[in-house]
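Notes for the structure review
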Amino acid sequence: QMRATGESFSDIDPVLSTRIQAVTSLVKSLLFHANSWLGVSRLLQAVHAAGASCPVEFIRWTCTQLLGELCKAAPILSVTTEEEGEEMNSDVGDWCECLALLLPRTGDSCKAVVAVAIDALQQLLSRCEWTASVNFGALGDASAPAA
C-alpha cells in the first residue's frame, strides 16, 4: 500500500514507476498525432474515464498526473480574429471541456491528487492566451473567512 505524503506518493515500486512513465509517454505520443484541441479533449476524457474518479487514491493521482502532462503538451489556444470564427469557437469549446474535467479534481479528498490537479489546471490555463497570466495555485492559498 502506498501513502500520500505532501504532493506525491512514497514507496512507489520502481517497476510501477517505469510503467507509469511508459504509459505517459505513449499517451503524449498519441497527442502529437492529434495535436488539436479536439484531440486533447478526447485524450483527457479517455484518461479521466480510465481512473481519475476511481476510489483508489493512487490511481486518481496517476491519472490526474497524466492529465497534467497532456495539458503541458497541448497546443496554444490563441485569440484570433472573427474571420476564423467556427474553428476558433470549436477550439474554445474543447479547451473548456478540458477545464471542466480538471476542476473537480482540485477538490479531491487526497492532498496529493489536489496538488497534481492544481498543477494540471495551471498547465491548461497557461495554454490559452486569455488565461496565461492566471495563477490558480495562488487562489487556493487564500484562507477562508472566519465564520
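On a predicted model such as this, the values are computed, not experimentally measured, just so you know.

**Focus on the overall build of the protein**
When its secondary structure is counted, the protein shows 6 helices and 2 strands. Looking at the 147 residues of the protein, the share that counts as buried comes to 39%. Counting only contacts in the protein whose residues sit at least 6 apart along the sequence, the fraction spanning at least 24 positions is 65%. As displayed, the protein has an accessible area near 8500 Å², and 56% of this comes from carbon and sulfur atoms.

**Points about the pattern of salt bridges**
Throughout the structure, instances matching the rule amount to 4 salt bridges. Among the ionic pairs, Lys 72 bridges to Glu 69, the shortest N-O distance being 3.5 Å. In this pair, Lys 72 and Glu 69 are both assigned in helix 3 (residues 57-73), 3 residues apart and thus about one turn of the helix distant. Residue Asp 108 is joined to Arg 105 by a salt bridge in which the shortest nitrogen-to-oxygen separation is 3.3 Å. Exposure class is identical for Asp 108 and Arg 105. Each is buried.

**Thoughts on the side chain of Thr 131**
Within the secondary structure, Thr 131 is located in the loop between helix 5 (111-126) and helix 6 (136-141). Look past the residues within four positions of Thr 131 in its chain and what remains in contact with it is Trp 95 and Leu 125.

**Comments concerning the packing of helix 2 (residues 37-52) against helix 3**
Between helix 2 and helix 3, the shortest axis-to-axis distance is 9 Å and the interhelical angle comes to 170 degrees. Judged by the angle between their axes, helix 2 and helix 3 are roughly antiparallel. Judged by residue contacts, Leu 43, Leu 44, Val 47, His 48, Ala 50, Gly 51 and Ala 52 of helix 2 engage Ile 59, Arg 60, Cys 63, Leu 66, Leu 67, Leu 70 and Cys 71 from helix 3.

**Considerations on the environment of Ser 90**
With respect to the secondary-structure elements, Ser 90 resides in helix 4 (residues 85-102). Remark: the alpha-carbon pair of Ser 90 and Trp 37, spanning 53 residues in sequence, is separated by 8.3 Å.

**Notes on helix 3**
In this model helix 3 runs 25 Å from its N-terminal to its C-terminal C-alpha over 17 residues, within 8% of the 24 Å that 1.5 Å per residue would give. By the criterion of burial, helix 3 is predominantly enclosed, with 12 of the 17 residues buried.

**Remarks on the confidence of the model for the protein**
Across the protein, the average pLDDT comes to 79, with 76% of residues at 70 or higher. Within the protein, no element has a lower average pLDDT than strand 1 (residues 3-5), which sits at 50, and none a higher one than helix 5, at 93. Note that residues 139-147 has pLDDT below 50 and, in this model, 0 contacts with residues that lie over four places away or in other chains.

**What to know about the nonpolar core**
If you look at soluble globular proteins, the nonpolar side chains tend to sit buried side by side. Formed by 26 residues in total, the largest nonpolar core has its most connected members in Trp 37, Leu 44, Val 47, Trp 95, Leu 102 and Leu 124. Sorting the residues of this core by element identifies helix 2, helix 3, helix 4 and helix 5 as the ones contributing at least two each. Not counting the four nearest positions on each side in its chain, Trp 95 is found in contact with Trp 37, Leu 77, Leu 124, Leu 125, Cys 128 and Thr 131. Ile 20, Phe 58, Trp 61 and Ala 112 belong to the second largest nonpolar core, which has 7 residues in total.

**Some details on the side chain of Gln 123**
Mapped onto the elements, Gln 123 comes out in helix 5. Ignoring anything within four residues of it in the chain, the contact list for Gln 123 reads Gly 68, Cys 71 and Lys 72.

**Some details on the environment of Ser 36**
Mapped onto the elements of the fold, Ser 36 is located in the loop between helix 1 (14-33) and helix 2. For the pair Ser 36 and Ile 76, spaced 40 residues apart in sequence, the C-alpha separation works out to 9.3 Å.

How each quantity is defined
- Residues numbered from 1 in each chain as written.
- Predicted model: local features only at pLDDT ≥ 70, side-chain atom pairs only at ≥ 80, totals over all residues.
- Heavy atoms only, no water.
- Helix = DSSP H or I, 4+ residues; strand = E, 2+ residues; numbered from the N terminus.
- Buried < 20%, exposed > 50% of the residue type's maximum accessible area, 1.4 Å probe, protein only.
- Contact = heavy atoms within 4.5 Å.
- Areas by Shrake-Rupley, 256 points an atom, 1.4 Å probe, with all protein chains shown as cover.
- Salt bridge = Lys/Arg side-chain N within 4 Å of Asp/Glu carboxyl O.
- Axes fitted to C-alpha atoms, helices over the stretch in contact; angles between N-to-C directions.
- Parallel < 35°, antiparallel > 145°, perpendicular 65-115°, else oblique.
- Expected span 1.5 Å × (residues − 1).
- pLDDT = per-residue confidence, 0-100.
- Core = buried A, V, L, I, M, F, W, Y, C linked by side-chain atoms within 4.5 Å.

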